[in-house]
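Summary of structural features
For reference, the chains in residue letters:
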Amino acid sequence: MDTPVPTPVPTTAPADPQRRRVATAAALASAVEWYDYFVFGIAAALVLGDLYFPAGSSSAGVLAAFATFAVGFLARPVGGVIAGQLGDKRGRKPMLVLALTLMGVATAGIGLLPTYETIGIAAPILLVLLRVMQGIAVGAQWGGAMLMATEYAPEGKRGLYGSLVQLGVPIGVVTANTVFLVAGSVTSESTFAAWGWRVPFFVGFLVLGLAWYIHTKVEETPAFREAERALAEQEKGESAARSPLRTILRNHLGTVFLAGGSFAVNTATFYIIITGVLDYATRELDMKRSAVLAVSLCVSLTQLVLIPAAAALSDRIGRLRIYAAGAIGLLVWAVPMFLLIDTASLLWLGIGTFVTSCFLSIMYGPQAALFAELFTAEMRYTGASLGYQIAAVFGGGLAPFMMVLLLEATGTSMAVSAYIIGLAVIALVSIKILATRAARNAPAPGPVPAAASAE
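Residues numbered from 1 in each chain as written. Predicted model: local features only at pLDDT ≥ 70, side-chain atom pairs only at ≥ 80, totals over all residues. Heavy atoms only, no water.

1. Some details on a nonpolar patch on the surface
The line we're drawing: The patches reported here contain residues having more than 30% relative accessible area and no salt bridge. Joining distances are 9 Å for like charges and 5 Å for nonpolar side chains (Val, Leu, Ile, Met, Phe, Trp, Tyr). Only the protein chains shown count as cover for residues, and all accessible areas are computed by the Shrake-Rupley method using a 1.4 Å probe. A pairing counts as a salt bridge when a side-chain nitrogen of Lys or Arg comes within 4 Å of a carboxyl oxygen of Asp or Glu. Where helices and strands are cited, they refer to DSSP runs of H or I of at least four residues and of E of at least two residues respectively, numbered from the N terminus.
A cluster of nonpolar residues, V105, L112, W195, V199, F202, F205 and L208, forms a patch on the protein surface that exposes about 650 Å² of accessible area. Elements with a contribution of two residues or more to the nonpolar patch: α3 (92-112) and α9 (204-217). Locating W195 in the fold gives a position in the loop between α8 (189-194) and α9.

2. Points about the side chain of T187
Under the convention used in this document: For the exposure calls, accessible area comes from a 1.4 Å probe over protein chains only, and a residue counts as buried if that area is under 20% of its type's maximum, exposed if over 50%, partly exposed in between. We call two N or O atoms a polar contact when they sit within 3.5 Å, provided that within protein one can donate a hydrogen and the other can accept it, with sequence-adjacent residues counted only if both atoms are side-chain atoms. Throughout, a residue-residue contact means that at least one pair of heavy atoms, one from each residue, lies within 4.5 Å.
Turning to its location among the elements, T187 is positioned in the loop between α7 (168-185) and α8. With a relative accessible area of 12%, T187 lands in the buried category. Within the local environment of T187, its side chain forms a polar contact with the backbone oxygen of A183, the two atoms lying 2.6 Å apart. In contact with T187, not counting residues within four places along its chain, are F192 and W195.

3. Brief notes about unusual backbone geometry
Unlike most non-glycine residues, D286 shows phi in positive territory, near 60°. Note on placement: D286 falls in the loop between α12 (253-284) and α13 (289-317).

4. What to know about the pattern of salt bridges
Counted according to the given criterion, the structure contains four salt bridges. Across the pair D279 and R283 runs a salt bridge whose closest N-O atoms are separated by 2.9 Å. Of the two residues, D279 and R283 are both situated in helix α12; the distance of four residues between them amounts to about one turn of the helix. Owing to a relative accessible area of 22%, R283 belongs among the partly exposed residues under this scheme. Across the pair D315 and R319 runs a salt bridge whose closest N-O atoms are separated by 2.7 Å.

5. What about the packing of α12 against helix α14 (residues 319-341)?
Note the cut-off: Here the axes come from fitting lines to C-alpha atoms, over the contacting stretch only for helices, and the angles between their N-to-C directions go from 0 to 180 degrees. Orientation categories follow fixed angle ranges, with anything under 35 degrees roughly parallel, anything over 145 roughly antiparallel, 65 to 115 roughly perpendicular, and all other angles oblique. Crossings are classed by handedness, with left-handed meaning an anticlockwise turn of the near helix from the far one by less than a right angle and right-handed meaning a clockwise turn.
Where α12 meets α14, the closest approach of the two axes is 10 Å, and the angle between their N-to-C directions is 25°. Classified by the angle their axes make, α12 and α14 are roughly parallel. Note that α12 runs across α14; the crossing there is left-handed. Seen from α12, the contacting residues are S262, F263, V265, N266, T269, I272, I273, V277 and Y280; seen from α14, they are Y323, L330, M337, F338 and I341.

Nothing here speaks to function; it is all geometry.
What follows is the structure, encoded as structure tokens:
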């Protein structure tokens, strides 16, 4: 039977210092992974098209660069499946360490990669392979970091703790934009194109140090240890090893797709405003690169407050209520946002993307805890990761590419607004079904879990 099963975290409560250590490590892991992931998107919008995909028009080069950007998203479910299977069997921590290591190597490798002019066709091929490695790494990372935080959370604060991992996204965006701004300000246009753009990728080397810290200083989550003990007892009389993926595919695939459908509008709109709009504003509206990056940085800073606030509110009044409010906001604001951006005014660009960012934060804050609560501990890494990464592929990965394609085909940004509205409708339908199932399957006695209390 395919139903979301919200579950508490039944464990002996860890000590507060351990909770703080784990929460800090998970937040840092998320921040550095997303930083590494986002620097590619910014570089794709600014320089990678010319350096690795020389073509007859600037639009063709950007499309090729954004297609490579999307390849990383196609690889994310692979990372989610592999890490989910092993994370549900062997533990959250080892998969998080592996994901950080892989991301550090891939990101630094992109910074060192010769261009098409130097090594020819091997350059874009290697760039795609390194982007695939980044995709696998971030697909593996999110589930591990999210579960490290939520499964250590005190009772009634799972949303807030989960939001610490979600903060990695705006932190990554702010840091990536800041580093690119600095690199662009201290180099000329020609120098930036020659080597200045590479500097942000070298931060990948620092990720390896964080991976080592988590490996040596952070303990496995109590929820996984308890689930592991229970399953060990259960499997004493069984000959076949358990497979979280098989369980998900047989019994909970509908929940995975509903989770992905509920989140695609969020991740698509996010990548449109941080990557697609950067290309659109600089190439089509002739706005200055540094100014647009600065606006993106300031808008992302507001998420550092809004994400935990929305998550904390979801601990009190229910995940899906907050989640649905954000999706409705994105649906309503999709057209006004691009009307403001099309003025080519920095002020209106800032206002348009700021309001969008508010609605994104309202959804993103409770999302980690919501996805964790849809699955029981023994399949949580696999189920939550698959739902998230499916949304990433069909939402975030295609969004910048689709934006350029829609603009080229229609000549109007309203086509991009229609794309966002369509995804928002899918999200609201998915959220409604999840809410109905959660309410139907909520246990009668005892406290109602936050995800089940939405309606």
